[in-house]
Amino acid sequence: MTATPVRLKYEVKDLALAPAGKQRIEWAGREMPVLKQIRDRFAQEKPFEGIRLVACCHVTTETANLAIALKAGGADAILIASNPLSTQDDVAASLVADYEIPVFAIKGEDNDTYHKHVQIALDHRPNLIIDDGCDVVATLVQQRKHQLEDLIGTTEETTTGIVRLQAMLRDGALTFPAVNVNDAETKHFFDNRYGTGQSTLDGIIRATNILLAGKTIVVAGYGWCGKGTANRARGLGANVIVTEINPVAAIEAVMDGFQVMPMDEAAKRGDIFITVTGNKHVINGSHFDAMKDGAIVCNSGHFDIEIDLEALKERASEVKTVRNFTEEYTLKSGKSVVVLGEGRLVNLAAAEGHPSAVMDMSFANQALAAEYLVQNKGKLEPGVYPVPTELDQEIARLKLQAMGFSIDSLTESQIEYINSWTSGT
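The structure presented is a predicted model; accordingly, all values stated were derived computationally and were not measured.

1. Describing a nonpolar patch on the surface
Part 1 of the argument: A cluster of nonpolar side chains, I251, V254, M255 and V260, forms an exposed patch at the surface whose accessible area comes to about 390 Å².
Part 2 of the argument: When residues of the nonpolar patch are assigned to their parent elements, the largest contribution, three residues, is made by helix α10 (residues 247–255).
Part 3 of the argument: Counting through the fold element by element, V254 comes out in helix α10.
Part 4 of the argument: Residue V254 is classed as partly exposed on the basis of its relative accessible area of 48%.

If you want it as structure tokens, here you go:
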């Protein structure tokens, strides 16, 4: 297989930002001991030697440490942004200038530039794709079927991306193995719950500088991201309402002590609205009509379609930027609705995304899942595969070890007991 040269060597905002980016990358690395151990092993074993790899991720300090680990493992890797507002420009510059990793990402890039970068990534003729939202994979399948023969497989770390991969599998379009990193226990239990929970509120506070205590916060969706967001909001003194479509998740929210109601009712009560569903138009025009004057709306799901911004624009007589990443829509009725981060991921648009300590486990999963695909090249049928349990548990073990904790091990007698059906009470 002959690689097609990338048209550009890189496309970042300003290489002069590299020194600040390098300092921040190294700072994040201090909180990512698991990925560091994996990187050190990769540097010795070179599992990705001869592998062309495309990573479509939020270009943050944490992603930088993943990219550095993959390159240490021998990968011919390039990195593009998975969201137009999530790129940290100094990090992108440092990856190019200090680590010689081609990056195509600029914070605030328009949709045309974003899609151009997806095409540049596919020009690399990837053998492996690390995806965040499934845009690269979906574009490959729809527009470049002739390149599928080059592909060993893909990894995906978002709920949105997994939903798309499963739909592709149902439609017979998935002709290669995909590893579901999103649902690894060391990913969704921690990244989604603690990472999204903390970083979402961080983004809201940075964008608005408002006091959350005493506010009524509506969280749309009670998956792992919703659980984390709701619990962190309550911890800061907010009154939390949860909206759901899944009756089991709704019962869980009730038993966790939250009010649960339809969005039609919650829209009348909320001061701040946070969507974390992965679906479209969770907040729509009728909800804007019902909201209080000055209600704040933001999204922490992967794509910017959870809030129907077109319906809001139709109702607005004026739109103005009142703070960074904060737009006030004055409605024809006279009241206003405030939108944060253009409806994109507020934790990355207005803040820095998840803490490094959480992403340590998520990106350890990505690195090991990519290695797993290479090790099993030609052995896996097309499908969506979980991260192998032994990898998941090894990541947890390494994290505990790095944090200075140890746990018990089963004795031979205990192992025999739990594996036997003849022993009873």
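Having seen it, we continue.
2. Comments concerning empty space enclosed by the protein
Part 1 of the argument: Counting across every chain of the model gives one cavity of 30 Å³ or more.
Part 2 of the argument: Reported here for the largest cavity is a volume of approximately 50 Å³.
Part 3 of the argument: A55, C57, T63, L66, A67, L70, A77, I78, L79 and I101 together form the lining of the largest cavity.
Part 4 of the argument: Contributing elements (two or more residues each) for the lining of the largest cavity: β1 (52–57), α3 (61–72) and β2 (76–81).
Part 5 of the argument: Here the lining of the largest cavity takes four residues from α3, the largest share from any one element.
Part 6 of the argument: For the lining of the largest cavity, the per-class residue count stands at nine nonpolar, one polar and no charged.

3. Observations concerning the nonpolar core
Part 1 of the argument: If you look at the biggest cluster of nonpolar residues, it comprises 51 residues, and the most contacted ones within it are F48, L53, V59, L95, V103 and L128.
Part 2 of the argument: Of all hydrophobic cores here, the second largest spans 25 residues; its members include I204, I272, V276 and A350.

About the criteria used
Residues numbered from 1 in each chain as written. Predicted model: local features only at pLDDT ≥ 70, side-chain atom pairs only at ≥ 80, totals over all residues. Heavy atoms only, no water. Patch = residues over 30% accessible without salt bridge, like charges linked within 9 Å, V, L, I, M, F, W, Y side chains within 5 Å. Areas by Shrake-Rupley, 256 points an atom, 1.4 Å probe, with all protein chains shown as cover. Salt bridge = Lys/Arg side-chain N within 4 Å of Asp/Glu carboxyl O. Helix = DSSP H or I, 4+ residues; strand = E, 2+ residues; numbered from the N terminus. Buried < 20%, exposed > 50% of the residue type's maximum accessible area, 1.4 Å probe, protein only. 1 Å grid on protein atoms, 1.4 Å probe; cavity = no way out; pocket = protein on both sides within 12 Å on 5 of 7 lines; lining within 4 Å. Points joined across faces, edges and corners; volume = space filled by probe spheres on them. Nonpolar A, V, L, I, M, F, W, Y, C, P; charged D, E, K, R; others polar. Core = buried A, V, L, I, M, F, W, Y, C linked by side-chain atoms within 4.5 Å.

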